[in-house]
Amino acid sequence: MQSFNPPVRTLMGPGPSDVHPRILSAMARPTIGHLDPEFVRMMDEVKQLLKYAFQTENEMTMPVSAPGSAGMETAFVNLVEPGDKVIVCINGVFGMRMKENVERCGGVAVLVEDDWGMAVSPEKVEAALQANPDAKIVAFVHAETSTGACSDVKTLCEIAHKHDCLTIVDSVTGLAGVELRVDEWGVDAIYSGTQKCLSCTPGLSPISFNERALHKVRNRKTKVQSWFLDLNLVMGYWGQGAKRTYHHTAPVNGLYALHESLVMLKEEGLENSWARHAAMHEKLKAGLTELGIKFVVDEAVRLPQLNSVWIPEGVDDAAVRAELLNTYNLEIGAGLGALAGKVWRIGLMGFSAKEENVLFCTSALKKVLGK
Ligand SMILES: *Cc1c(COP(=O)(O)O)cnc(C)c1O
């Protein structure tokens, strides 16, 4: 056995995205105790910076010490009690995981389904709420990474609130890549991930819960089924001002990385980050269109950071991706679920959303496709 030295790749898949050297070097700084006053000070800054990224004043804004899937699970295990009816919108892989979460919490999932590649239909959600006046929560994915479709968070939250429901929003791929305004849009509970448009290393899941959502968490009739993800306990560790009580050992160096990525987001400016993702998408679109490659998602609801494109007729999906990886050290994503074998998913997330990557990807594809 020897030290592991990974190849240097360009990551243009559905995540992880390229990690900026500043973030990698932040991670290599000396590990200190997770209750060290200096570490606690940094945790407070991470919370501050996350509030900026989410555009929220929610006190309960912090990173869960595990990847995006744990953020998803945190939202469901804390907010869904046995018997609760939850409207779950499914327009791709991650909506299906939400359904699985609801059921594992003993909840009843009412499905609102849209075709893969489409945004969640507000009309269908309205109809589902009218048919299910006892529903308590509406859950949907903002940025569906399996297809590249963006749903209208603001409108969906308005509809949910009109029917007195809380909202759970998955913005693992949305955060920092497209407009997201948690307070203004009335999101009650949201989770994200570090390895997509924040361009940080994988393994942490920023979440934010508002007072309405926390009221439900504090007044549950049953204990949260997960000890580790129970916000009633986690709040004692991440809570503002209060003396920190040991809950688990925070991933110290991973949090240095998240801190650095959020400082970089603040330096760039959130709206500039959204604009950069949009501009890089336009450049990629121009390059792919020249190669005759077509997009899966309608332009009106297309995510700039996740580009699903149809694999051209007669082209071997796996062979092309293997050649891109082996010859060019370039990773693009395969299709998932219903789109497996039919599409490629080209990510322009975070530090990966830059002009040199767009040019590299389009020229490598051109070579490999033999144009
Ligand atoms: C990536 C992703 C997740 C899961 O995040 P992990 O960090 O892989 O656990 C959840 N939802 C969406 C929309 C994602 O893109």
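Residues numbered from 1 in each chain as written. Predicted model: local features only at pLDDT ≥ 70, side-chain atom pairs only at ≥ 80, totals over all residues. Heavy atoms only, no water.

Another point: the pairing of strand E10 (residues 205-209). For E10, the buried fraction is high: five of the five residues fall into the buried class. Taking every second residue as pointing to the same face, both faces of E10 are buried, with Ser 205, Ile 207 and Phe 209 on one and Pro 206 and Ser 208 on the other. Bridge count for strand E2 (residues 60-64) against E10 is five bridges, and the pairing is antiparallel. Counterpart to Thr 61 in the pairing with E10 is Ser 208. As judged from the three bridges shared by strand E9 (residues 189-191) and E10, these two strands associate in the antiparallel manner. Bridge pairing in E10 links Ile 190 to Ser 208. (Buried < 20%, exposed > 50% of the residue type's maximum accessible area, 1.4 Å probe, protein only. Helix = DSSP H or I, 4+ residues; strand = E, 2+ residues; numbered from the N terminus. Pairing = 2+ DSSP bridges.)

Attention now moves to the UniProt feature "binding site: substrate" (unreviewed entry) in the protein chain. The UniProt feature table records "binding site: substrate" (unreviewed entry) at Arg 345. Among the secondary structure elements, Arg 345 is positioned in strand E13 (residues 343-347). Reaching out from Arg 345, the side chain makes a polar contact with the backbone oxygen of Thr 145 at a distance of 2.8 Å. (UniProt positions renumbered as here; feature names shortened; annotations may be inferred. Polar contact = N/O pair within 3.5 Å; in protein donor to acceptor, adjacent residues only side chain to side chain.)

Now for the packing of helix H3 (residues 68-79) against helix H4 (residues 93-104). Taken N-terminus to C-terminus, the directions of H3 and H4 make an angle of 45°; their axes are 10 Å apart at the nearest point. Viewed along their axes, H3 and H4 adopt a mutual orientation that is oblique. Here H3 runs over H4; the crossing is right-handed. Where H3 approaches H4, its residues Ser 69, Met 72, Glu 73 and Phe 76 are matched on the opposing element by Phe 94, Arg 97, Met 98, Asn 101 and Val 102. For the contact of H3 with H4, the residue count by class is five nonpolar, two polar and two charged. (Axes fitted to C-alpha atoms, helices over the stretch in contact; angles between N-to-C directions. Parallel < 35°, antiparallel > 145°, perpendicular 65-115°, else oblique. Left-handed = near helix turned anticlockwise from the far one by under 90°. Contact = heavy atoms within 4.5 Å. Nonpolar A, V, L, I, M, F, W, Y, C, P; charged D, E, K, R; others polar.)

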